[in-house]
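Chain by chain, the residues:
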Amino acid sequence: MLLLFETAAGFALFKVNKEDKLEKSDDLYKDFETLDSAKKFVKLKAFSKFDNTTEALAAATALVESKLSKGLKKFLKKHAVGDTLAVLDAKLGGLIKEKLEINCVHNSSIQELARGVRAQLGGLIAELGTADLTPMSLGLSHSLSRYKLKFSPEKVDTMIVQAIGLLDDLDKELNTYAMRVREWYGWHFPEMTKIVGDNIAYAKAIKAMGTRDKAAGVDFSGVLEQEVEDALKAAAQISMGTEISQEDLDNILALCDQVIELSEYRGQLFDYLKSRMAAVAPNLTVLVGELVGARLIAHAGSLINLAKQPASTVQILGAEKALFRALKTKHETPKYGLIYHASLIGQSQPKHKGKISRVLAAKCALAIRVDALGDTTDAAVGTEARAKVEARLRQLEGRSLASDAGNARGKAQPSPYSAAKQVAGGSGLAAGAAKAYNADADVVEPVKEKKEKKEKKEKKKDKEPAEANGAAADGEEKKKKKKRKADAEEEPAAAADGEKKKKKKKKDA
């Protein structure tokens, strides 16, 4: 059995002398405690040294990606054909067996054997010393790290983050400069501000015209539309602006040059951003567009970080301040963040924007993971997801149209009026089979209910005076009873007083 061992200096093949001890991998490290015991266990059969760092880097990169390089292929063909080869990578072993027809072995015992060989590598390979191997390993590790950093898919999105940041800064600067041009030149030609609305066209018109008195002889066909040009020339003849000197005009024209150059550079930067987004995140670009996709990546920090976020986080990404304010004040949380600017949400009605943003965020989360972790470069997943979101949007709009119609289910609707079936005279009868009047279609309150309501009202009115009269009669009866009681109490008292008077009279007599 031969052991294939890769070093920073080259490829080495070791002959394994004690194959029976590989089964006892737990005690295998004892055979490599000293250099003499290690030489008894394995013996160097062949060594292929790298000529330079570039060759070492190419071989190391191929091994990292489990590929068979040309140098390794020639080395194995020359020294390993007909023997069993022990390898450290199972995928590489399968590739060697397929292309070179060499039986390969990979298990835990081989890993322990390679660990022991690495411990005594300087003594086992006579051509190398520990002093030579250390700087080789360090130099190769640095080169490999730079290579991986240069071609790592995780680092390509850094350009997108920088580009979208610069694009936003350019928009702010362009707006500031354009407003300054309007305000500055407005002292000379104030009417032009309302006539020309576009900032870039405004700056180009100033460049072509100069002062307003030259407007009549200037052709603005490449800058303005014909109607705007006519209005501008007419306004220039009756303008109420102040006169400016040539030095003032030169400074204004210099600022106009800056606005035009920045706008052209912004266009170039946007084209670059579109190409980078199409290469790095094609599925996300199909769903939300280049600008929104780039802002999502920039907000998360990288495409990998964005792929780790759930759909609920993608939905409100960019609205963190509103989210925490809502949680603090116990109000409703926001329904969307940066994703609100996507075209699919802009197409939906205001009452459906929340639902569409939730559906779109779910599809975006899947598309981002495909872009970040998948091997495909096409946008098939994003195209399919966009079709589903559009179908959901049409479904919601269809429901709203049906509900807005206002026709309740199960109720008979009156037939539409047909003028063709009416007679031209005043008879009001149809020429052919006339439709009878549909009385069921009228919503009329039943007559019985009206009569019952009237009767109830009349009874209430009759009861009210009767109750009032009854209450008055009860009051009079109570008064009479009180008088009777008082009279009954007064009669015995008067009789007793009369008897007392009689007795007094008899005594006096």
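Note that the structure is predicted; figures quoted are calculated from it, not measured.

Here's the deal with a positive patch on the surface
Thinking step 1. Side chains of Lys478, Lys479, Lys480, Lys481, Lys482, Lys483, Arg484 and Lys485 sit close together on the surface and give a patch of like positive charge.
Thinking step 2. Within the fold, Arg484 resides in helix H21 (residues 447–508).

Details of unusual backbone geometry
Thinking step 1. In the Ramachandran plot, Glu101 falls in the positive-phi region, its phi being about 60 degrees despite a non-glycine side chain.
Thinking step 2. Along the chain, Glu101 falls in the loop between helix H4 (90–100) and strand S5 (104–105).
Thinking step 3. In this structure, Lys330 is a non-glycine residue whose phi angle is positive, near 60 degrees.
Thinking step 4. With respect to the secondary-structure elements, Lys330 resides in the loop between helix H17 (320–329) and helix H18 (343–347).

As for the sheet that holds strand S4 (residues 85–86)
Thinking step 1. Read from one edge to the other, the open sheet built from five strands follows the order S3-S2-S1-S4-S5, with strand pairing classed as mixed. At either end of the open sheet lies a strand with only one pairing partner, and these are strand S3 (42–49) and S5.
Thinking step 2. In this structure, strand S1 (residues 2–6) lies alongside strand S2 (residues 10–16), joined through five bridges in antiparallel fashion. Paired with Leu4 across the two strands is Leu13, which belongs to S2.

A short note on the environment of Ala300
Thinking step 1. Tracing the sequence through the fold places Ala300 in helix H14 (residues 290–300).
Thinking step 2. Once the C-alpha coordinates of Ala300 and Gly318 are considered, the two residues, 18 residues apart in sequence, prove to be 9.4 Å apart.
Thinking step 3. Excluding its chain neighbours within four sequence positions, the residues that come into contact with Ala300 are Asn305 and Leu306.

Let's talk about the environment of Phe5
Thinking step 1. When you line up the elements, Phe5 lands in strand S1.
Thinking step 2. Sequence separation between Phe5 and Leu88 is 83 residues; the distance between their C-alpha atoms is 8.0 Å.
Thinking step 3. Those residues in contact with Phe5 that sit more than four places away from it in its chain are Gly10, Phe11, Ala12, Phe14, Ala114, Val117, Arg118 and Leu121.

Concerning the pairing of S2
Thinking step 1. Counting buried residues in S2 gives six out of seven residues, a clear majority hidden from the surface.
Thinking step 2. Linking two consecutive strands that pair antiparallel, namely S1 and S2, is a turn of three residues.

Quick notes on the nonpolar core
Thinking step 1. Membership of the largest hydrophobic core comes to 66 residues, with the highest contact counts inside it found for Tyr185, Met192, Ile206, Val288 and Leu360.
Thinking step 2. Residue contributions to this core peak at 12 residues, all from helix H12 (residues 246–280).
Thinking step 3. If you look at the next biggest cluster of nonpolar residues, it comprises 23 residues, including Leu2, Ala46, Leu72 and Leu100.

With respect to the packing of helix H10 (residues 199–209) against H12
Thinking step 1. Running from N to C, H10 and H12 point in directions that differ by 135 degrees, and their axes come no closer than 9 Å. Between H10 and H12, the angle is such that the two are oblique. Here the hand of the crossing between H10 and H12 comes out left-handed. Contacts between H10 and H12 involve Ile200, Ala203, Lys204, Ile206 and Lys207 on the former and, on the latter, Ile252, Leu253, Cys256, Asp257, Val259, Ile260 and Ser263.
Thinking step 2. Its residues assigned to classes, the contact of H10 with H12 comprises eight nonpolar, one polar and three charged.

The rules behind these values
- Residues numbered from 1 in each chain as written.
- Predicted model: local features only at pLDDT ≥ 70, side-chain atom pairs only at ≥ 80, totals over all residues.
- Heavy atoms only, no water.
- Patch = residues over 30% accessible without salt bridge, like charges linked within 9 Å, V, L, I, M, F, W, Y side chains within 5 Å.
- Areas by Shrake-Rupley, 256 points an atom, 1.4 Å probe, with all protein chains shown as cover.
- Salt bridge = Lys/Arg side-chain N within 4 Å of Asp/Glu carboxyl O.
- Lys, Arg positive; Asp, Glu negative; His and termini not counted.
- Charge placed at Lys NZ, Arg CZ, Asp CG, Glu CD.
- Helix = DSSP H or I, 4+ residues; strand = E, 2+ residues; numbered from the N terminus.
- Pairing = 2+ DSSP bridges.
- Contact = heavy atoms within 4.5 Å.
- Buried < 20%, exposed > 50% of the residue type's maximum accessible area, 1.4 Å probe, protein only.
- Core = buried A, V, L, I, M, F, W, Y, C linked by side-chain atoms within 4.5 Å.
- Axes fitted to C-alpha atoms, helices over the stretch in contact; angles between N-to-C directions.
- Parallel < 35°, antiparallel > 145°, perpendicular 65-115°, else oblique.
- Left-handed = near helix turned anticlockwise from the far one by under 90°.
- Nonpolar A, V, L, I, M, F, W, Y, C, P; charged D, E, K, R; others polar.

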